[in-house]
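# Overview (structure and organization)
Listed below are the residues making up each chain.
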Amino acid sequence: MCFLAKILSKLFQALLVLIFLSTSASTATSALTDGPTKVGMEAYCLLRWKASLHNQSQSVLDSWVGRGPCKWIGVTCDSSGSITNLSLINLGLRGTLHSFNFSCFPNLTRLNISNNSLHGTLPSQISNLSKITYLNLYGNHLTGNIPSEIGMLSTLSELYLSRNNFTGLIPTSMTKLKNLSILILWGNKLSGSIPSEIGFLKSLKELDLSGNKLSGSISSEIGLLKSLKKLSLSSNKISGLIPPSIGKLRELSLLYLYDNKLSSSIPSEIGMLGSLSELCLQKNNLTGSIPVSMTKLENLSILYLWGNKFSGFIPSEIRFLKSLKELDLSSNKLLGLIPPSIGKLRELSLLHLFDNKLSGSIPSEIGFLKFLKKLDLSSNNLTGAIPSSIGLLRNLSDLVLLENKLSGSLPLEFNNLTRLKSLQLSGNGFTGHLPEDVCLGGLLEKFATAFNHFSGSIPKTLRNCTSLFRLRLDWNQLTGNISEQLGIYPHLDYMDLSNNRFHGEIPWKLGQWKNITSLKFSNNNISGSIPLDLGNATQLHLIDLSWNHLQGQVPKELAKLKLLIKLCLNNNNLFGVVPLDFKVLSNLDHLNLAANNLSGPIPGQLGEVANLLILNLSCNEFTAGIPFELGNLHFLQVLDLSHN
């Protein structure tokens, strides 16, 4: 009887457990149907997606626990507790969207999962976001086509899919998004042409399709986007004309069509874009002259037309572009004079006219450009002297006038340019002295005056110019003691003083130029020995000390220069033997020790310098035979051992 009572007691307990579980299940089911249930379903769907992510990503979302998502990281809810905004920006999330159940979020208006590491395709179920107004998946690794179902998001206002790996065509269905104001697809691999139906997006204010593989032409329907403020189709393969209908975009402030294959001339209608502030058409195949109508764009601050095939003159009406801050017309076929009216562009900070066929002198009116920081007029046919008004440009950081036919001495006002970082005057006919205060401001990085007729000494301010990165004074008539005129340059990469009349000895401090890669002192009157400290300049790739009056031995310390590619010590008065340690110079491909007084046997160890292309030991006093080890130099193209 006692046994039977125990059995009945256990059966009763089991029954109670079943009733409890049944009641709990019923409560849970009812919680997923209405009111709070929807909230429970939203949390459940987010947790399912979280579980599909990489383990580390799950730990980032460690606040995602329980059934109350409104306090979870990145989640915003409405007053009923339903999710309206999901913002998971730059959290390093790794995984896919395949387990993201879009149908679980009937009230979601904003979804931002930008700057993460999501991969895989964009599911077509994204069309279930019936109230979405803002969708941002920028900066992930999403692939495949943009699903055509995205055209069903009728409430969408802003769409950002840039910096992914989407391929295929821009879906035509996207042009059904009547409320779309911002469409950003740059930095993908989209191909095909831009749908002509794009003109249906009447609410569009920003359209950026740059950095893809789009081809075809720009359809005239682009002119229907009357609300458009920013249009960027740059860095694609778009060809054909710029359609005249583009002149109807009266609200446009930014127009980027650069780096395409556009041809023909700029339509005169471009002058109707009165709100335009930035116009960038560089790197195309545009021809014809610069339309005068363009000078009506009074709000234009940036005008880039470089890298095309424009011809004709720079219109004098350019003076009307009073708001212009940057003007780049370089690398075209422009003719004639630099118009003096360019001096009216008082806001200009950048003026690039290089690589054209401009002639005449530099107009003195250029001195009115008080805010100018960068001036490049190189590779033209400019003549005459540099106007003294150049000294008024006290904000100038870059002045590049190389490869012209300029002449005369530099005006004394040059010394007012104390903010220069780059001064390049090579390839002209300048005479007189170099500007004494060229590095007075301590900012100079690049100084090039090669192939002129400058005389006198190196400017004194250059001695303490520690900012110097590149120095070219070659092919002039400069004089002075080289050991007294040079300082310590911690950032110097390149120095060429060759083909001048310098004398004195190579300074020992050269070993402290820790970043120099090229050193050229050839064709001067330098004497003394090669300093042993030169072996401490371990970044050197090229040394040319040829055609001087150097004496002493070739220092074995040069073998420490493991990056050395070219070593020219020819036509000096060096004596002694070739250092055996040179065998470790594995990158050396050019060794010229000709026309010295070197003696002893030609070291067989040179056969271990495997990359040698040119070996010239001629006109020395070497004895013994040709070492058989030189036969190991399989890449050798020139071998000169004559006159020994």
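Note that the structure is a prediction, hence the values are computed from the model and not measured.

### Quick notes on the pairing of strand 28 (residues 405-409)
Pairing of strand 26 (residues 381-384) with strand 28, which is carried by two bridges, proceeds in the parallel orientation. In the sheet register, Gly384 faces strand 28, and the bridge partner there is Leu406. Sheet topology note: the strand 28/strand 30 (residues 429-431) ladder contains three bridges and is parallel. Across the sheet, Gly408 pairs through a bridge with Phe430, a residue of strand 30.

### Points about the domain arrangement of the protein chain
Domain boundaries assigned for the protein chain yield domain 1 (62-190) and domain 2 (479-643). When each unit is reduced to the centre of its C-alpha atoms, the spacing between domain 1 and domain 2 is 63 Å.

### Examining the state of the cysteines
Enumeration over the complete set of coordinates arrives at three disulfides. The residue that forms a disulfide with Cys45 is Cys104, at a sulfur-sulfur distance of 1.9 Å. Linking Cys45 in helix 2 (residues 36-52) with Cys104 in the loop between strand 3 (94-95) and strand 4 (110-112), this pair joins segments that are 59 residues apart in sequence. A single burial state applies to Cys45 and to Cys104, both of which are buried. One disulfide bridge connects Cys70 with Cys77, the sulfur atoms lying 2.2 Å from each other. Its S-S torsion of about -105 degrees marks the bond between Cys70 and Cys77 as left-handed, since a negative value means left-handed. Assessed through its relative accessible area of 33%, Cys70 is described here as partly exposed. Once the disulfide-bonded cysteines of the protein chain are ranked by sequence position, their pairing pattern turns out to be 1-4, 2-3, 5-6. Cys568 carries a free sulfur, and the closest cysteine sulfur to it, the one in Cys619, is 15 Å from it. Judged by relative accessible area, which is 5%, Cys568 ranks as buried.

Definitions and cut-offs
- Here, residues in each chain are numbered from 1, in the same order as that chain's written sequence.
- Totals for whole chains, interfaces and linings use every residue, but because this is a predicted model, local features are given only for residues with pLDDT of at least 70 and side-chain atom pairs only at 80 or more, for both listing and counting.
- To get the side-chain values, take all heavy atoms of the structure and skip hydrogens and water.
- Strand pairing is defined by DSSP finding a minimum of two bridges between the two strands.
- Numbering of helices and strands runs from the N terminus, with a helix taken as a DSSP run of H or I at least four residues long and a strand as a DSSP run of E at least two residues long.
- Domain start and stop positions are those given by an automatic or database domain assignment.
- Put simply, a disulfide is two cysteine sulfurs that come within 2.5 Å.
- Only protein chains enter the accessibility calculation, which uses a 1.4 Å probe; a residue whose area is less than 20% of its type maximum is buried, one above 50% is exposed, and one in between is partly exposed.

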